[in-house]
Amino acid sequence: MLQVQGVFKSYLTPQGPLPVLQGIDLTLEPGSSLALMGESGSGKSTLLHLIAGLDKVDRGSIRSGEHRLESMNEAQLADWRRTEIGLVFQQFNLIGSLRVEDNLAFQARLAGRHEPRWLAHLVQRLGLGELLKRYPEQLSGGQQQRVALARALASRPKLLLADEPTGSLDEATSDEVLRLLLELLDDTPTTLLMVTHSPRVAARLAQRVVLSNGRLT
């Protein structure tokens, strides 16, 4: 599903290039789950953004299925993100002007995969039935993150990328959101790559790697 080979990435600073990733190799099989750990500033989010096609590698290759990201233009990458991957962030990123039910349908409609039966299943499993007519500002943090998860899964993505999705939640809410996510992924072939600083969260995923000094261990 995902193959990262020899990826290097650095950023220009007034002092010169700052190396962030120095030869990253990573392979994920369909339906697998992996926790990407590391200290703050280690490059976890940078790697996730490269895999999402939101930034370009300096050197190396990222493949997702038959797609080779470094050879795709911006329009192709945007179409790939709409149809092939789901994104979940710590900040939720819900559309404030849309009710929950419209937030949920938004990504699926963009991908051309609006399936009312699957959406109803997500609503039921994530306990969102009583929240559908509310706006994001009327929800708690845990409720917003459950909506964000449902929105990301509504299009049945092949790859789900999650950047600290429970980082802003208290421990009990974090555990509940993670439990629901993993239960839902058991019903799908979706591959999960999650950035987390929490060993407790990482332990729930099938695989764990640590990013340190620009390399995976």
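If you're wondering where the values come from, they're calculated on a predicted model, not measured in any experiment.

Draft legend 1. A look at the packing of helix α4 (residues 116-125) against helix α6 (residues 171-185). In the contact formed by α4 and α6, the axes pass within 11 Å of each other and the chain directions differ by 145°. In this structure, α4 meets α6 at a crossing whose hand is right-handed. Residues His121, Leu122 and Arg125 of α4 pack against Leu180, Glu183 and Leu184 of α6. Split by residue class, the contact of α4 with α6 holds three nonpolar, one polar and two charged.

Draft legend 2. View of the layout of surface pockets. Of the pockets and cavities examined, the largest pocket occupies roughly 280 Å³. Residue lining of the largest pocket: 16 residues in total, with Gly86, Leu87, Phe89, Gln107 and Arg151 positioned closest to the centre. Going through the elements one at a time, α2 (74-84), β6 (85-89), α3 (100-110) and α5 (141-153) are the ones with two or more residues in the lining of the largest pocket. Tallying contributions element by element places β6 first for the lining of the largest pocket, with five residues. Among the residues forming the lining of the largest pocket, the class breakdown is 10 nonpolar, three polar and three charged. Size it by volume and the second largest pocket reaches roughly 180 Å³.

Draft legend 3. Broad picture of the sheet that holds strand β9 (residues 207-212). Here we have six strands laid out as an open sheet, ordered β6-β7-β8-β3-β9-β10, and mixed in their pairing. Where the open sheet ends on each side, the last strands, each with one partner, are β6 and β10 (215-216). For β9 and β10, the ladder comprises two bridges, and the chain directions are antiparallel. From the neighbouring strand, Leu211 faces β10, where its bridge partner is Leu216.

Draft legend 4. Unusual backbone geometry, seen in detail. The residue Phe92 is not glycine, and still its phi comes out positive at about 75°. As for its position among the elements, Phe92 is in the loop between β6 and α3. We note that Asn93 has phi near 55°; this positive angle belongs to a residue other than glycine. Checked against the element boundaries, Asn93 lands in the loop between β6 and α3.

Draft legend 5. View of the sheet that holds strand β4 (residues 59-64). Overall, antiparallel pairing links the four strands, which are arranged β2-β1-β4-β5 in an open sheet. Strand pairing shows two members of the sheet lacking a second neighbour, β2 (16-28) and β5 (67-68), which therefore form its edges. Pairing geometry for strand β1 (residues 2-13) and β2, over 10 bridges, is antiparallel. By the bridge assignment, Lys9 is partnered in β2 with Leu21. Contacts from helix α1 (residues 44-51) reach β1, β2 and β4 within the one sheet, and its direction differs from that of β1 by about 120°.

Draft legend 6. Spotlight on the packing of aromatic side chains. Taken as a whole and judged by the stated rule, the model has zero aromatic pairs. Note that Arg59 overlies the ring of Phe8, its terminal NZ or CZ placed 4.1 Å from the centroid. Directly above the ring of Trp118 sits Arg156, whose terminal nitrogen or CZ lies 4.1 Å from the centroid.

Draft legend 7. Main features of the pattern of salt bridges. Enumeration according to the criterion identifies 11 salt bridges in this entry. Across the pair Glu70 and Arg68 runs a salt bridge whose closest N-O atoms are separated by 2.3 Å. By relative accessible area, which is 36% here, Arg68 ends up partly exposed. For the salt bridge of Glu183 with Arg125, the shortest nitrogen-to-oxygen distance reads 3.5 Å.

Thresholds applied
- Residues numbered from 1 in each chain as written.
- Predicted model: local features only at pLDDT ≥ 70, side-chain atom pairs only at ≥ 80, totals over all residues.
- Heavy atoms only, no water.
- Axes fitted to C-alpha atoms, helices over the stretch in contact; angles between N-to-C directions.
- Helix = DSSP H or I, 4+ residues; strand = E, 2+ residues; numbered from the N terminus.
- Left-handed = near helix turned anticlockwise from the far one by under 90°.
- Contact = heavy atoms within 4.5 Å.
- Nonpolar A, V, L, I, M, F, W, Y, C, P; charged D, E, K, R; others polar.
- 1 Å grid on protein atoms, 1.4 Å probe; cavity = no way out; pocket = protein on both sides within 12 Å on 5 of 7 lines; lining within 4 Å.
- Points joined across faces, edges and corners; volume = space filled by probe spheres on them.
- Pairing = 2+ DSSP bridges.
- Phe/Tyr/Trp six-rings, centres within 6.5 Å; stacked < 30°, edge-to-face > 60°.
- Lys NZ or Arg CZ within 6 Å of the ring centre and 35° of its normal.
- Salt bridge = Lys/Arg side-chain N within 4 Å of Asp/Glu carboxyl O.
- Buried < 20%, exposed > 50% of the residue type's maximum accessible area, 1.4 Å probe, protein only.

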